[in-house]
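What follows is each chain in one-letter form.
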Amino acid sequence: MFKSFLKKIENQQEKKLPFVVYRKPNESSVTAIFQNDDALNHVKDFSEVGFVFAPYNSDELTVLMELDVVFKAEYVYENVSNFVPSKLPKELDGYKAVHINLVKEGIAKINKGNLKKVVLSRKIEVANKKSSLQLFQELLALYKNAFCYLWYHPKVGIWLGATPEVLLKTENNRITTMSLAGTQAVVANEDPVWGAKEIEEQGMVTQYIKSALEEKASPLRISETTSVKAGSLWHLRTSISGRMQNDGLKSIVDLLHPTPAVCGLPKSVANSFIHKNENYNREYYTGFLGELNFKEERDRTTSSRNQENKAYRSIKIKTSLFVNLRCMKLQEDTATVYVGGGITKDSDPEKEWTETIDKSVTLLQVIFSEA
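Residues numbered from 1 in each chain as written. Predicted model: local features only at pLDDT ≥ 70, side-chain atom pairs only at ≥ 80, totals over all residues. Heavy atoms only, no water.

(A) Spatial organisation of the pattern of salt bridges. Counted according to the given criterion, the structure contains 18 salt bridges. A salt bridge links K7 to E10; the shortest N-O distance between them is 3.9 Å. Here E10 and K7 lie together in helix α1 (residues 2-14), a separation of 3 residues that amounts to about one turn. The class for E10 is partly exposed, based on a relative accessible area of 33%. (Salt bridge = Lys/Arg side-chain N within 4 Å of Asp/Glu carboxyl O. Helix = DSSP H or I, 4+ residues; strand = E, 2+ residues; numbered from the N terminus. Buried < 20%, exposed > 50% of the residue type's maximum accessible area, 1.4 Å probe, protein only.)

This is the structure we're talking about:
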């Protein structure tokens with residue numbers, strides 16, 4: 001069943017027609033969406049219906065994949081390939097020095113007082129012999145609690161990833177989002193212990209989202225901050241929810257994206273620093289993707305004694321958008337993996353470098369694993 005599902009996707013890609021295949025966190029159902037032509041469609045006001053793929057730069061257009069063909073299959077979890085750490089590419093000292101210098105420049109900017117946090121990233125280019133569908137299946141097997149996806153458009157390219165971060169979810173007029181920040185590697189049989197830097201960073205993101213949504217959604221509910229595991233990493237997470245006012249979804253997306261978790265605070269200052277100093281184009285890394293205004297219909301009752309009521313259905317309009325973290329771009333025999341981290345006044349440049357190495361393992365292990 002799942003093999004025939006994958007074969008349809010392979011045929012779509014061979015025809016050079018757009019598609020996306022994805023699985024939501026902690027679900028077994030995998031969804032595929034096909035577009036029947038190669039038109040490059042864009043979102044205008046977020047009232048559209050389709051699968052969206054947005055770049056980091058909010059001034060650029062968000063791609064909309066139309067729901068010409070939608071089908072699903074159940075994924076049966078199998079044993080994952082053996083990860084061979086020795087095959088990971090050796091990071092040259094020059095690359096390390098460049099990133100550490102970038103972090104130092106960020107800290108210096110923060111110490112001047114006009115910047116509180118900035119998220120600095122880099123890309124890693126490695127040889128890749130696996131097909132996009134092979135890599136996607138590895139992600140499904142390894143990261144059950146992440147949003148795993150493979151996205152293709154002939155006029156944009158091939159992207160895939162396993163992201164742990166929700167940008168926002170809506171169900172009719174109810175909205176839920178999260179503050180996700182702070183990172184440390186998982187150590188077997190040990191709970192994470194968070195330092196002042198990670199706690200402060202996560203608090204900044206939470207406070208920004210709270211302030212941004214206070215006039216757009218009420219009453220706001222803010223959960224306790226908890227530690228959550230995403231693959232081989234721990235993060236700090238706070239959930240924020242409320243009921244949307246009548247301004248529309250676009251106004252909320254504009255406020256949230258890019259979040260301080262991928263940009264910094266104040267956003268305008270952090271964004272300016274990123275564009276001037278990262279020295280590469282993030283493209284769709286730290287953008288967002290997911291379902292926009294999907295309709296869900298359900299019978300109001302499942303009781304056999306109330307057959308006459310089955311004519312009445314509840315209709316929900318749902319949106320599920322995820323921040324495009326832990327992602328890669330495929331080009332011929334090369335995979336470009338993107339990693340980054342939040343920098344504050346308490347950041348240690350050497351530790352920030354190590355954090356990017358830890359994050360890179362999420363995707364590098366699927367590239368360098370062996371059957």
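(B) Structural context of the nonpolar core. Within the largest apolar cluster, 62 residues are counted, with the highest numbers of intra-cluster contacts made by F51, V118 and Y149. Sequence-distant contacts of V118, defined by excluding residues within four places in its chain, comprise G106, I110, C263, G264, A270, F273, I274, G341, G342 and I343. Core analysis: the second largest hydrophobic core is formed by 38 residues, F136, A141, V337 and V339 among them. (Core = buried A, V, L, I, M, F, W, Y, C linked by side-chain atoms within 4.5 Å. Contact = heavy atoms within 4.5 Å.)

(C) Structural view of a nonpolar patch on the surface. A grouping of V49, L67 and V70 is seen on the molecular surface, where their side chains present a nonpolar patch of about 210 Å² in accessible area. Of note, V49 is situated in the loop between β3 (41-42) and β4 (50-54). For V49, a relative accessible area of 45% puts it in the partly exposed group. (Patch = residues over 30% accessible without salt bridge, like charges linked within 9 Å, V, L, I, M, F, W, Y side chains within 5 Å. Areas by Shrake-Rupley, 256 points an atom, 1.4 Å probe, with all protein chains shown as cover.)

(D) Fine view of a negative patch on the surface. Residues D37, D38, E66 and D68 make up a contiguous surface patch of negative charge. Mapped onto the fold, D68 is located in the loop between β5 (63-65) and β6 (69-74). The exposure class assigned to D68 is partly exposed, which follows from its relative accessible area of 34%. (Lys, Arg positive; Asp, Glu negative; His and termini not counted. Charge placed at Lys NZ, Arg CZ, Asp CG, Glu CD.)

(E) Main features of the packing of α1 against helix α3 (residues 132-142). Packing of α1 against α3 brings their axes to within 11 Å, and their N-to-C directions diverge by 140 degrees. The angle between α1 and α3 falls in the class oblique. As α1 runs across α3, the sense of the crossing is right-handed. Facing α1, whose interface residues are F2, L6, I9, E10 and Q13, α3 presents S132, L133, Q137 and L140. Across the contact of α1 with α3, the residue classes break down as 5 nonpolar, 3 polar and 1 charged. (Axes fitted to C-alpha atoms, helices over the stretch in contact; angles between N-to-C directions. Parallel < 35°, antiparallel > 145°, perpendicular 65-115°, else oblique. Left-handed = near helix turned anticlockwise from the far one by under 90°. Nonpolar A, V, L, I, M, F, W, Y, C, P; charged D, E, K, R; others polar.)

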